[in-house]
Amino acid sequence: MRGWDGLVSSALLGTERRPARFDDLPPAIQEQLGDGNLLDAAALATLYKRAGRTPLEGLTPLPSTHGEDQPLPRPAAIRRLAAMLTGFQTTALGEWLRAADAKGWGVPPEHLPALADYARGRAEYRPLVVKAAGRRASWLADLNPDWRFLHEAVVEGNDHWTHGNSTQRRSWLRARRQADPAAALEALREVWPTEPAPARLDFLGLLTENLSAADEEFLEQALDDRSKEVRRAAAGLLARSPGSQYGERMAQRVRSHLIVSQGVIAVDLPTEVTPAMERDGIDPQPQDGIGKRAWWFRQLVAAAPLSTFELDDLQLDVEGCSPEVLQVAWSQAAVREGSAEWARALLLANARTGGRVAELLRILPPDEWVPAVELLRTRVDIADLVGGLPVPWPPGLATSILDQLAKAGTARTAARLASIAARAVPAEVLDHPITREPTGEEDTWRRRLVETLNFRRELYEELS
Amino acid sequence: MAGWDVEQVLAMAPDAASAKAAQGLARPQRWSEIGSSERALWGLCQGSGKKPYQTVVDRSGPAFRCSCPSRKFPCKHALALMLLAAVGQVPERAEAEWASSWLEDRASRAEKSAEKAERKPGEVADPLAAQQRVTRRADRVSAGMAELQSWLDDQVRRGLGGFEQRGYGELSRLAARMVDAQAPGVAGAVRRAAAVVGRGHGWPGELLEELSLIHLIVSAHARLGEIPPRLADTVQSRIGWTVETARVLAEGEKVEDDWLVLGRVIEPDDHLTVRRLWLRGSSTGRLALILNFAAGGRQLDPLPARPGELVPAVLSYYPGALPMRALLTQTAHRLPAPRPGGLNAKQALASYVESLAADPWNERWPLVLADVRPARNGDQWAFVDSAGDALEVLPGVDLWQLLAVSAGDPITVAGEWNRAGFKPMTCWHGDRPVVLS
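Computed from a predicted model, the values in this text were never measured in an experiment.

Here the focus is the sheet that holds strand β14 (residues 411-418) of chain B. Residues and elements named next belong to chain B. With respect to topology, 6 strands assemble into an open sheet ordered β13-β12-β11-β14-β15-β16, the strand pairing being antiparallel. Since the sheet does not close on itself, it has two edges, and those belong to β13 (390-392) and β16 (432-435), each with one partner. Strand-to-strand, the axes of this sheet are offset by a mean angle of 45°, without reference to chain direction. Pairing of strand β15 (residues 421-429) with β16, which is carried by 4 bridges, proceeds in the antiparallel orientation. Note on β16: the bridge partner recorded for W428 is P433. Running over the sheet, helix α11 (residues 345-358) touches β11 (365-377), β13 and β14 and is turned about 140° from β11.

This brings us to the pairing of β15(B). For a regular strand, side-chain orientation follows a simple rule: the groups alternate between the two sheet faces. Residues and elements named next belong to chain B. Taking burial as the measure, the 9 residues of β15 include 8 buried ones, the bulk of the element. As defined by bridge partners, β14 adjoins β15 across 6 bridges and the pair is classed as antiparallel. The partner of G415 across the bridge, within β15, is P424. Between β14 and β15, which follow one another and run antiparallel, lie 2 residues. In this structure, the hairpin formed by β15 and β16 is closed by a connection of 2 residues, where G430 is found at a positive phi of approximately 65°.

Take the packing of aromatic side chains next. For the coordinates displayed, the defined rule picks out 11 aromatic pairs over all chains. Taking the centre distance of 5.6 Å and the plane angle of 70° together, the rings of F88(A) and F455(A) count as edge-to-face. Remark: F455(A) occurs in helix α25 (residues 444-463) and F88(A) occurs in the loop between α4 (75-85) and α5 (93-102); sequence separation between them is 367 residues. A centroid spacing of 5.1 Å and a plane angle of 20° characterise the contact between W161(A) and W172(A), whose relative ring orientation is stacked. Of the two residues, W161(A) sits in helix α9 (residues 159-163) while W172(A) sits in helix α10 (residues 166-179), which places them 11 residues apart along the sequence. Of the two residues examined, W161(A) and W172(A), each falls in the buried class. Between the NZ or CZ atom of R200(A) and the centre of the ring of W192(A), over which it lies, the distance is 6.0 Å. One residue, R65(B), lies across the ring of W102(B), its end atom 5.9 Å from the ring centre.

Cut-offs applied
- Residues numbered from 1 in each chain as written.
- Chains lettered and ligands numbered in written order.
- Predicted model: local features only at pLDDT ≥ 70, side-chain atom pairs only at ≥ 80, totals over all residues.
- Heavy atoms only, no water.
- Pairing = 2+ DSSP bridges.
- Helix = DSSP H or I, 4+ residues; strand = E, 2+ residues; numbered from the N terminus.
- Axes fitted to C-alpha atoms, helices over the stretch in contact; angles between N-to-C directions.
- Contact = heavy atoms within 4.5 Å.
- Buried < 20%, exposed > 50% of the residue type's maximum accessible area, 1.4 Å probe, protein only.
- Phe/Tyr/Trp six-rings, centres within 6.5 Å; stacked < 30°, edge-to-face > 60°.
- Lys NZ or Arg CZ within 6 Å of the ring centre and 35° of its normal.

Right under this line is the structure:
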């Protein structure tokens, strides 16, 4: 505005030194001012300026995103989602998202930023949030670099593999691996020499999906990789490949160290780790609490195909090393191969599993879980046992665990099992009688269990 | 029945000027609807405004109430009424409705404070002491305003040039003296001015803006009797005088409507949490502001309705040239409402300018922007209307929720506008209101 700068410099220097001049001010101000002083003029000019404010021009609005939105669930369901995002029963967020998606409900868009922030540090939530964000996923990912993972929604075309960020490339490779395992391997082969070690390790992990003999050659090469982590990962993958040369090498090594005859397994522990063994991922440095040679042997057995042995070998006496060495190695192999037969046998034989009871239980078909838990409960903490099972549990197991908790009174020892069960019980068992029993203030774990079960039951009701 | 003689009445005057003015007003022809009852005196006295002042004197106490803007207590009108009674010129008659409603209100408050006094022995309500406090305060405010004016004049004469070094401390001390002078509103304005010093290249200009508006308050205060009464109310409230809730409920302008809750802003602070709730009448189009406060750590009162809902209610507006602040008396349950209509950028600015014309100190203005799309504005954001005109979003506002709702499509947003930008409070996802946190 004309004249304003003159007022400011008079005010800065002082009217004693620089008397204010008003003749540059707009006539409207001069008329109103009369014989007013500098501050009067400044007040008039201030309001003149404020009143004369005009809109900004020439800004380009953000592009809009295309597509349809899913209908929204009831307000009560939306309020529950908002409460979870402010920290109340937050662990049920994933359940809400899955249940809403299953019923065809969308997520109110105003909650997407909080959901994206939540999923940023929790990879398991990312696919759920990408799904919930729908057409808004890429739009938001473009706006906020923190939410780049939302791009995962878009995996079509090769652009993401050649030009995308690490998240996009990962998504592309994962999707490709599911659709066409060989083509995914080929794409990986092409870029392999120029990728940095962390990327090689990351992409290698994605080959777990649809692993087959076709990958063997590539993985064999990776056993000579510059990076130790990559070499280990390649060995792990080869050990998972049925009928691989790697497996055959391990089986031969194992056979050269043990003889089964007349009901006895005689073990002759290895005396050295050859370069070939080391190449196949055998770690020469023993772990705590186990002898060096036993450690080498345990690794060989654990990496060898279970078909190297008979199930009946479990019953045999062991000479030359502790039977535990073999049992722990078999447990590891059973978990790797997902062999229900071996898992069942190891659990029934009460074998030493090196802390893998829960993993072995997990391999069993779900309808065997209840009897297995009954069998094992005297030997293993039941919370350790069921804590590793995938959730939600089958209804039978859930009901059986809640029945036990209902009988547990106020025993503090049940607290951990209660907190696991609170999350693991499937939707159809949320109405278990335990939720209708009175709980007192002092029954901390029982009250929390019932609160969580009720919270989840209401969650499903609202989303139905 | 308590009666006073002329000497006693004149002794109640807060100062000689009031006593003199009261004697001038103690003529029956200046008054209408004048009357007396066992408990009170009342009358209407024509002042400078359109509406005559309503004056009531409660004989018990005595206590006074007058709709004039004067903060002297008792005011010249109440004194004049008592002088007229002392010389037997106030006829006995049935109480005017407006007089009795105040008396009843006061009686019920007295009952409540008596209950309180029972709970807290030793604290006895003393209306005379209260009046003296008010008088003392008026004097202190006047002295404070005079000090402020001479300080302002000094600064301008000697120059703001050295302010960058000394300005903050000096303004902080000045603000503290204004608190001492019981002018907290002006103290706040001085603190805002202090915050400008040295910030960015343009600070001298901004400081001059702030100081000139403080100067405007001080000069208006010196002419309280000459300016329109409603503007005088505005000036008083800017200085920091508060109007009693009971008085607003009894005398404030009443507007009944279904009020759309446009949104709310909560400003937490260590000492005092402030909540501003902005309303718009669905048939009158009137705007209103409901202020709530909660002292450190306490909960705010529950909202009468959520943003985006209608609350059928009667509002009682505080006096002022731009009646915005109001008290709400809910008359029915809140109702859901469709997406409201709104303005484009030019219309929005025009409405803000109109508010400035009524109240030059107005800092915040509720706006509903319709069909605007988010745009980047340098490091900040802005909303662009369908004509391409844009308003900037207040720097530092977290806009992610709104952006997610919009997805680039035109949306309706309600927010608070001030000179620095627009602060969104509520936006609409289709017809569903979304409260932005």
